[in-house]
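For reference, the chains in residue letters:
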Amino acid sequence: MQIYLPIAEISVNIFLILGLGGGVGFLSGLFGVGGGFLITPLLIFYGIPPAVSVATAANQIVASSVSGVFAHWRRGNVDLKMGLVLLVGGIFGSTVGVWVFAWLRSLGQIDLVISLCYVIFLGIIGGMMLFEASRAIFRTRRKGGGIRRRKKHQHSYIHGLPFKMRFYRSGLYISALLPLVIGFFVGMLTALMGVGGGFVMVPAMIYLLGMPTGVVIGTSLFQIIFVTANVTFLQSIQTQTVDVALATLLLIGGVIGAQFGARFGSRLKAEHLRALLGLLVLSVCLKLLFDLVIEPSELYSIMPGNL
Amino acid sequence: MSFSPHMFRIAFMAAVTVISATLPLKNSWADALVVDLSNHLVAITTGFTGTDVLLFGAVQNEGDIIVTVRGPDQDMVVRRKERTVGIWVNRESATFKNVPTYYASASNRPMDIIANDNVLKDYRIGLEHQRFIATTDITEVDQKAYREALVRNMQNVGLFNQRPAKISFLSNQLFRTDIHFPANTPTGTYMINVYLIRDGRIASVKTTPLVVSKTGVSAEVYDFAHRYSALYGIIAVIIAVISGWVASVAFRKG
């Protein structure tokens, strides 16, 4: 059954889009990731204009983050103060990002920048995941493994920065500049790539800020809600590329898929899951890289408008 | 004000007679040609996957027919990719003015047999005779390459037809053809020109408009998104927040 998307202005197969949302939802339930980094490239592969894909994915991530944050909130796993500081950075970053997005679009370079961002980030993250997971699988497991993080009271350059703030929930006393900058950077990625940015935010919180792992996911989800909401709002105003019909279809598929994914995931070992996710991320990365490197069959492209 | 077809015909014939009497040496310009469409409105609804519009008509005396369909004009940027540090990047570009958003033609016989190139050129019939001009300062060679690329790209998305469609004559006087509009048809007012050609000359021209517009839910959403974009953004966020919340409540126990 075909449905005409009002903003993307193309006709798509309704079941294919539901399936796409469901598939990515399944994976995000399985691996505990947002899935924005899969949704956006898949929409582009399907033929949705990149600008619409990125803006609409941001809208869809608002929903998936909201549905995820409640469980963390109830368990007290959200560091509200840290979340708000990250959010301030994120709002600025995503606002700048939407502006850069519009500017690159007018230059005809937005598709390239989206692809390059994906290749770089998916390459790094996927490679690291696969490397780390395969080491865990093939070597004997070290006792008390888990994620190593910076010790709280170890002094480094970070502690020399001004504007120190106390974050009680995370047990940190660090400069507010650091989370502001991280928030800003991830906010820009949200605007440019149509991702929540959890895959950058979570490692940054653990390794750079030294937050306890327990509050990382909840806090990250909390601020992603507002940053993606800001991107949705600004893209609506500036480029009119948010397609609510497309977002709703992805959402329905995603919510259902995530439930199945979460159940299925509990039956697999954590390192196997990470290895699989690493492989998946790398294959999306390679496909995008391949498209950039191979000589395209059509060297020319057209776009309505003026130079 | 309305004319009955019969009255119109009488007036028409009278006009033809007067004109042919006053210009005896020229071919009768206003040769009787009647054309209509099965539908003057193409409505893009939520279930729109493309449609065909039937164009039919009649000629009084035998002749060849060419039909052209032209969508509203717009400016187009054409960009060329070049390999830069191993990857393909958009580099040079050119802007073209007055590019139709849609173009299709049809004829009962190959156009070059019906009329010579000069006639087709004068009336801008056929893709190769569209005068979209590059406003960017580029060489003749580049201009040609960009122009061809523009046409090729539009053909690939189905908005320019690859080759003229077929017009079939049911008798010597009645003809019909289907005009195809794909799912990505741009909205606006289209001009359909029907040329009656005899002995290689344009004997008569009929112009009829066709409106392509979005209707129903998708039209309202599009309109809303452009007219009240801030409100649209807020609503999009609210929908997402509510559905996320509903999902978390619905699956809390599961």
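Under an unreviewed UniProt entry, the name given to chain A is Probable membrane transporter protein, and the organism recorded is Thalassospira lohafexi. For the record of chain A, the UniProt heading Sequence similarities (unreviewed entry) holds the text "Belongs to the 4-toluene sulfonate uptake permease (TSUP) (TC 2.A.102) family."

Novice: Please clarify how the pairing of strand β3 (residues 164-167) of chain A should be interpreted in this entry.
Specialist: Along any regular strand, the residues point their side chains to alternate faces of the sheet. All names here are of chain A. As paired strands, β3 and strand β4 (residues 172-175) are joined by four bridges and run antiparallel to one another. Across the sheet, Phe167 pairs through a bridge with Leu172, a residue of β4. Between β3 and the antiparallel strand that follows it, β4, lie four residues; Gly171 among them carries a positive phi value of about 65°.

Novice: When you look at the interface of chain B and chain A in this model, what are you seeing that I'm missing?
Specialist: By a widely used convention, the size of an interface equals the accessible area lost when the partners come together. Listed as interface residues are 49 residues of chain B and, on the opposing side, 48 residues of chain A. Residue assignment for the side of chain B that touches chain A shows that the elements contributing at least two residues are β5 (73-84), β6 (87-100), α4 (140-156), α5 (216-227) and α6 (229-250) of chain B. Of the residues forming the side of chain B that touches chain A, the biggest block, 15 residues, is contributed by α6 of chain B. Among the residues making up the side of chain B that touches chain A, the classes are represented as 25 nonpolar, 20 polar and four charged. Pairing of strand β5 (residues 300-304) of chain A with β5 of chain B, which is carried by five bridges, proceeds in the antiparallel orientation. When the sheet's bridge partners are listed, Tyr300 of chain A is paired in β5 of chain B with Arg80 of chain B.

Novice: I would appreciate a short explanation of the sheet that holds strand β7 (residues 103-107) of chain B in the present structure.
Specialist: Where strands meet in a sheet, backbone hydrogen bonds hold them as pairs that are either parallel or antiparallel. All names here are of chain B. Ordered in space as β2-β12-β11-β4-β7-β8, the six strands form an open sheet in which the pairing is mixed. Two strands in the sheet have a free side with no partner beyond their single neighbour: β2 (41-44) and β8 (165-166). Bridge count for β2 against strand β12 (residues 201-214) is four bridges, and the pairing is parallel. Bridging from a neighbouring strand, Leu41 pairs with Val211 of β12.

Novice: What exactly am I supposed to notice about the sheet that holds β5 of chain A here?
Specialist: Spatially, β5(A)-β5(B)-β6(B) is the arrangement adopted by the three strands of the open sheet, whose pairing is antiparallel. Looking at the sheet topology across the chains shown, the edges are occupied by β5 of chain A together with β6 of chain B. Neighbour-to-neighbour, the strand axes of this sheet turn through a mean angle of 25°, independent of strand direction. Together, β5 of chain A together with β5 and β6 of chain B form the strand contacts of α4 of chain B, whose direction differs from that of β5 of chain A by roughly 75°.

Novice: How should the environment of Gln155 of chain B be read in this particular structure?
Specialist: Residue and element names in this part refer to chain B. Examined against the element boundaries, Gln155 turns out to sit in helix α4. Judged by local crowding, Gln155 falls into the partly exposed class, with 15 C-beta atoms found within 10 Å. Taking the C-alpha atoms as reference points, Gln155 and His226, separated by 71 residues in sequence, lie 28 Å from one another. Residues in contact with Gln155, not counting those within four places in the same chain, are Phe160 and Gln162.

Procedures and definitions
- Residues numbered from 1 in each chain as written.
- Chains lettered and ligands numbered in written order.
- Predicted model: local features only at pLDDT ≥ 70, side-chain atom pairs only at ≥ 80, totals over all residues.
- UniProt positions renumbered as here; feature names shortened; annotations may be inferred.
- Pairing = 2+ DSSP bridges.
- Helix = DSSP H or I, 4+ residues; strand = E, 2+ residues; numbered from the N terminus.
- Contact = placed C-beta atoms within 7 Å.
- Nonpolar A, V, L, I, M, F, W, Y, C, P; charged D, E, K, R; others polar.
- Axes fitted to C-alpha atoms, helices over the stretch in contact; angles between N-to-C directions.
- Buried ≥ 20, exposed ≤ 12 C-beta atoms within 10 Å, placed from the backbone.

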